[in-house]
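Coordinates in review
Read off the chains here:
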Amino acid sequence: MNIIVNGRIAGSRDLGCALCGSTWGNYYEEIEGQKLFFCCDFCAKEFKNMINEAKKRKGLTTIDEIEIKGNFYTGRTLRVKSGDKVYTFYVRFNDEGEIEVFNEIYKSQ
Amino acid sequence: MPLCPICEIKYDDWVSVANHIHELAKKNESSHIMWLNRNLETRETSVRNLADKLETFFDLKGKGLANWIREKFIQKFYSDKPHPLILAMQKPNRAVLLGYVLEHQHFLRNWVRVLSLIIAKTDKDDVARYELENIAVEFLGWRDKPSHYELLIRMGESLGMKRDEIFSTKPLPSTLSAINTWKRIGETKTWVETMASMHSLELVADRSLRTYGAKMHYFNPSILESEEYPQAVKDFLREGYEADEYHAEEALELVEKYSEELNLVEQVQVTVIKSFDAFSKYLLARLERAILIDSSVAKFLGGVVNEYYS
């Protein structure tokens, strides 16, 4: 699964947190069969919740690429590519890292 | 004296603060990492560099605390990437305005209660007088004018929502979280910190921010003359447009004077930044409410985010 955060490839210690792109911290979790770098457990929780919600909403079994844009101040867009399908959502989390807003904003292409 | 902007432990110098934050970041401590990401730097840097950045961030540059607060507010909400709510307010639709009404009623009800904590804690009469007048303007009405709270509810009615329906709508979790932040500040912090945390937020509608570098005003002033909006919408927006310049300016002068007198400048700085984060969350909650009324607002928000990070 390729991960792009605000225009940069992310998900490893050198490249940055798979959710926010930060290189602070040193937290790893295996998600979708991949060992991913996060700056903290909070970002990891948000990332997992976001992926699970996208899979649940669209009935996806695998994800090939995700592109995340935005931050705490704007909320985030999530573009998910699975095979030849592409979905884009607007996402916001609550204080516990759970999904608060998850709206599809563009139809699959 | 420098202090950690997150846990507020005091240190002798900025290198010690940086060292403390660096150590916690290495242990993945999320609140410290989030503060760095939101305010300073998303790329890991050395203790020395971090100390320099922290010192620069909190440096008043000889221009005083009120100016520092104004600058930070502009950076957070009115920079090259204005807060999405500010963009939505340039041409707000019914859903955005109803989102304003439904969430802001809770903001205002909490507002006057937190201001009352300032009055309860301060021994300064100029501060008590300022806050009492603000409470009257916001909640009771002042000199034959209806209160901002009443004008807000009338705006909601003019958009087709019944008064009872407005009052019975509970705040969204993000609004509640922000309100609890300000309540906690009022209950646990000094009155100067509380005063700074609350009245700095009135800068959002301060017209003079444009002269300090803000990219736009809180809303497009042409709305005040537009035929597209009900009179009650224009009446509500006009009140804020005309009042908040005076409100924020006078309050920040009091904050600057007393934070120096009581040696609380650094405390005020870190608390104000916490208040700004709560405010950002609250402004997004208003758009979140708008999404519940009209899902096309989510497309607008997504479009803003995509444009900012393209």
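In the block above lies the structure referred to throughout.
Reference entry: report on the structure contained in this document. These figures come from a predicted structure and were not determined experimentally. (Residues numbered from 1 in each chain as written. Chains lettered and ligands numbered in written order. Predicted model: local features only at pLDDT ≥ 70, side-chain atom pairs only at ≥ 80, totals over all residues. Heavy atoms only, no water.)

1. Points about the overall build of chain B
A tally of regular secondary structure across chain B gives 14 helices and zero strands. Counted from the first residue to the last, chain B has its helices and strands arranged as α-α-α-α-α-α-α-α-α-α-α-α-α-α. Relative to its length of 310 residues, chain B is compact, with a C-alpha radius of gyration of 20 Å against a globular reference of 19 Å. A principal-axis box enclosing the C-alpha atoms of chain B has dimensions of 55 × 50 × 35 Å. Counting every position in chain B, which comprises 310 residues, the buried fraction comes to 60%. Pairs at least 24 apart in sequence give 74% of the contacts found in chain B among residues at least 6 apart. In the form shown here, chain B has an accessible surface area of approximately 12900 Å², with 49% of it arising from carbon and sulfur atoms. Averaging the coordinates of the 40 positive side-chain charges in chain B and doing the same for the 47 negative ones gives two points 5 Å apart. (Helix = DSSP H or I, 4+ residues; strand = E, 2+ residues; numbered from the N terminus. Rg over C-alpha atoms; globule rule 2.2 N^0.38 Å. Buried < 20%, exposed > 50% of the residue type's maximum accessible area, 1.4 Å probe, protein only. Contact = heavy atoms within 4.5 Å. Areas by Shrake-Rupley, 256 points an atom, 1.4 Å probe, with all protein chains shown as cover. Lys, Arg positive; Asp, Glu negative; His and termini not counted. Charge placed at Lys NZ, Arg CZ, Asp CG, Glu CD.)

2. Digging into the pattern of salt bridges
Inspection of the entire model under this criterion finds 30 salt bridges over all chains. Between K281(B) and D95(A) there is a salt bridge, and its shortest N-O distance comes to 2.8 Å. A residue pair is termed interchain when its members come from two chains, as with K281(B) in helix α13 (residues 265–293) and D95(A) in the loop between β7 (85–93) and β8 (99–106). On the basis of relative accessible area, K281(B) is assigned to the buried category, the value being 13%. A relative accessible area of 39% places D95(A) in the partly exposed class. As a salt-bridge pair, E228(B) and K91(B) come within 3.1 Å of each other at their nearest N and O atoms. Of this pair, E228(B) sits in the loop between α11 (191–199) and α12 (231–261) while K91(B) sits in the loop between α5 (84–88) and α6 (94–121), and the two are 137 residues apart along the sequence. For E228(B), a relative accessible area of 59% translates into the label exposed. When salt bridges that share partners are traced, they join E150(B), R154(B), E157(B) and R163(B) into one network. (Salt bridge = Lys/Arg side-chain N within 4 Å of Asp/Glu carboxyl O.)

3. Notes on the sheet that holds strand β6 (residues 75–82) of chain A
All names here are of chain A. Taken together, the six strands give an open sheet; going across it, the order is β2-β1-β5-β6-β7-β8, and neighbouring strands pair in mixed fashion. The open sheet has two free edges, formed respectively by β2 (8–9) and β8, since each of these has just one partner strand. Those strands touched by helix α1 (residues 41–58) are β1 (2–5), β5 (65–71), β6, β7 and β8, and its axis lies near 50 degrees from that of β8. (Pairing = 2+ DSSP bridges. Axes fitted to C-alpha atoms, helices over the stretch in contact; angles between N-to-C directions.)

4. Some points on the interface of chain A and chain B
Between chain A and chain B, the contact holds 34 residues from the first and 41 residues from the second. For the pair chain A and chain B, the summed buried surface comes to about 3200 Å²; carbon and sulfur atoms form 56% of the total. Sorting the residues of chain A by area buried against chain B places W24(A), F72(A) and Y73(A) first, and these three jointly supply 29% of that buried surface. At the junction of chain A and chain B, the tally comes to three salt bridges. One salt bridge in this structure joins E44(B) and R13(A), with 2.7 Å as the shortest N-O distance. Between chain A and chain B we count 18 residue pairs in polar contact (both at pLDDT 80 or more) in total. (Buried area = accessible area lost by both parts, 1.4 Å probe. Polar contact = N/O pair within 3.5 Å; in protein donor to acceptor, adjacent residues only side chain to side chain.)

Purely geometric numbers; function is a separate question.
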